[in-house]
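# Chains, contacts and geometry: an overview
So the chains spell out like this:
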There are 2 protein chains.
Amino acid sequence: MSLKLIENKRSFDGEQCKYTHYSEALQCDMTFSIYLPSNKENKEIPLIWWLSGLTCTDDNFSQKSGFQALASKYQVAVMIPDTSPRGEDVADDEAYDLGKGAGFYVNATQSPWAKNYNMYTYITDELSEIASTLVPNFSGKESIMGHSMGGHGALVIGMKNASRFKAISAFAPITNPIQVPWGIKAFSTYLGEDKATWKEWDASELIKETGMPPILISQGTADNFYPEQLEETTFLDNARENKQEVTYKKAEGYDHSYFFISTFLDEHFAFHLKNLK
Amino acid sequence: MSLKLIENKRSFDGEQCKYTHYSEALQCDMTFSIYLPSNKENKEIPLIWWLSGLTCTDDNFSQKSGFQALASKYQVAVMIPDTSPRGEDVADDEAYDLGKGAGFYVNATQSPWAKNYNMYTYITDELSEIASTLVPNFSGKESIMGHSMGGHGALVIGMKNASRFKAISAFAPITNPIQVPWGIKAFSTYLGEDKATWKEWDASELIKETGMPPILISQGTADNFYPEQLEETTFLDNARENKQEVTYKKAEGYDHSYFFISTFLDEHFAFHLKNLK
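Quick caveat: nothing in here was measured; it's all calculated off a predicted structure.

### Some words on the pattern of salt bridges
- Applying the stated criterion across every chain, the model contains 30 salt bridges over all chains.
- Note that A:Glu41 is salt-bridged to A:Lys43, the shortest N-O span being 3.3 Å. Comparing A:Glu41 with A:Lys43 shows no difference in burial state: the two are exposed.
- As a salt-bridge pair, B:Asp13 and B:Lys40 come within 2.7 Å of each other at their nearest N and O atoms. A residue pair is termed long-range when its members are at least 10 positions apart, and B:Asp13 in the loop between strand 1 (4–11) and strand 2 (14–23) and B:Lys40 in the loop between strand 3 (28–36) and strand 4 (45–51) qualify at 27 residues.
- Accessibility expressed as a relative area gives 63% for B:Lys40, which makes it exposed.

This is the structure we're talking about:
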């Protein structure tokens, strides 16, 4: 195990940590951030996963959301992975919505992406094992949230592991990637042209199965990616038809930025913590 | 008046705005940010000034501190100037602690700096006039806070205008610039070698005068610039000797970053609001 602590900053009585390690799943060196609350009362600590959007690293949520105030208030650990494999040897694309910074939380099957672009396995297996060793007095209870591409990731990872994640929430998520430009571009590149293989990575398809965790979604009405990339009708229709517990909230006048995320983050944390008890 | 709104993002029910304008004091185009709370109850709104540290723009505090949650909670406007004049025609230096991003909130007297480096006049006159037109239902009550070089700026501007600013607070401020490397370098460059002229820009000198606003300072003990640049003994000795109301708090294990600032920002806002009533 090559896990190495490279930054440790005190924040709201807890520790905002940054680690590097070699990832077997991604075949490259990776960086992630994790917040560990002070846990002065020595309670069992749950873990929330945060998945970021296109172009982000582990820094965006760490530096721009103000989440540490909430993680400290609720005494929960927060794991923040990067959004793709990294490094000079990793396949890339000039576009911001493909390649590095745009892993889409899938396991790629197409050359040259399949070697490194296995963010699903990285997060659900490899990084999960690491997380469980880092959270002191870990309760074993986990939930997952994310933004935009990371909202898609949270929905897909949360629903593919419905018994593991106690709650899912998302800010401005891509709920139906197989029908929108971002998703079609990424899935055809990473997964190939056989659209049947895309469905297991589409939240609007996965929500058709039963027994999903409760889901909360916030969407700004002034988001410039809405509705083209973030259209929710199919997802909500399928959720309703299959009697899934989905709360979808429109936020009047809010855009796609971290100003939007930070405004509604307390509401999301409260939703998660209720389900992590 | 060339004032132009270039960004307006909804945040915690209020508006995080960014403006550009031509500054007469600085002889260049400038950008600043201002947060305006929702003021749903139509109350009179006070204004807090935030002055940033070396290398910063108006974006650092806006994006990394999480202050909007507090400005919304307390229903206060927050003005965030840039840290120096800007533009291709503005004198600069290769070092991070001189020239652009390092205005030190003084009025320079030396060539070639005197033409543009008049941050004191910019903030206390020009930007103040603009601020008063932007805050709806402005109570006319103001206070000032800042970080590092901006902590120095808040102390100096607040004390030089003691009847105007109702409270001053600072995170890891340079309290005695005429005695530390950052200050000596900047003051000898902007103000020249006659050290007598430096004293009017030194908080430890200004605190010797009477009738200063209440002051709150937070300082992390793991700050890598402490104590070399941020030594507080002279300031506190002079404050005590002159019976000024200064609260100086050490924060165990915190560094110089926004993780430190955001942790103690609620305490600082509460201190300001108590004095802005």
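Having seen the structure, we can now continue with the description.
### Quick word on empty space enclosed by the protein
- In the structure shown here, the tally under the stated rule is 1 cavity of 30 Å³ or more.
- In this model, the largest cavity occupies a volume close to 50 Å³.
- As for the largest cavity, its lining consists of A:Phe259, B:Glu7, B:Gln16, B:Cys17, B:Lys18, B:Ser33, B:Asp59, B:Ser62 and B:Gln63.
- Counting residues per element, the ones that place at least two in the lining of the largest cavity are strand 2 and helix 1 (59–64) of chain B.
- Grouping the constituent residues of the lining of the largest cavity by class yields 2 nonpolar, 4 polar and 3 charged.

### Observations regarding the interface of chain B and chain A
- Each partner contributes to the interface: chain B provides 19 residues, whereas chain A provides 19 residues.
- Regarding the contact of chain B and chain A, the summed buried area is about 1700 Å², with carbon and sulfur atoms giving 55% of it.
- Between the two partners, chain B and chain A, sit 2 salt bridges.
- A:Lys9 serves as the salt-bridge partner of B:Asp255, at 2.6 Å between the closest nitrogen and oxygen.
- Joining chain B to chain A, the criterion identifies 8 residue pairs in polar contact (both at pLDDT 80 or more).
- The set of elements that each furnish at least two residues to the side of chain B that touches chain A consists of strand 1, helix 1 and helix 8 (258–276) of chain B.
- Examining the composition of the side of chain B that touches chain A, we find that 4 residues originate from one element, helix 8 of chain B, more than from any other.
- Grouping the constituent residues of the side of chain B that touches chain A by class yields 4 nonpolar, 9 polar and 6 charged.

Parameters and conventions
Residues numbered from 1 in each chain as written. Chains lettered and ligands numbered in written order. Predicted model: local features only at pLDDT ≥ 70, side-chain atom pairs only at ≥ 80, totals over all residues. Heavy atoms only, no water. Salt bridge = Lys/Arg side-chain N within 4 Å of Asp/Glu carboxyl O. Buried < 20%, exposed > 50% of the residue type's maximum accessible area, 1.4 Å probe, protein only. Helix = DSSP H or I, 4+ residues; strand = E, 2+ residues; numbered from the N terminus. 1 Å grid on protein atoms, 1.4 Å probe; cavity = no way out; pocket = protein on both sides within 12 Å on 5 of 7 lines; lining within 4 Å. Points joined across faces, edges and corners; volume = space filled by probe spheres on them. Nonpolar A, V, L, I, M, F, W, Y, C, P; charged D, E, K, R; others polar. Contact = heavy atoms within 4.5 Å. Buried area = accessible area lost by both parts, 1.4 Å probe. Polar contact = N/O pair within 3.5 Å; in protein donor to acceptor, adjacent residues only side chain to side chain.

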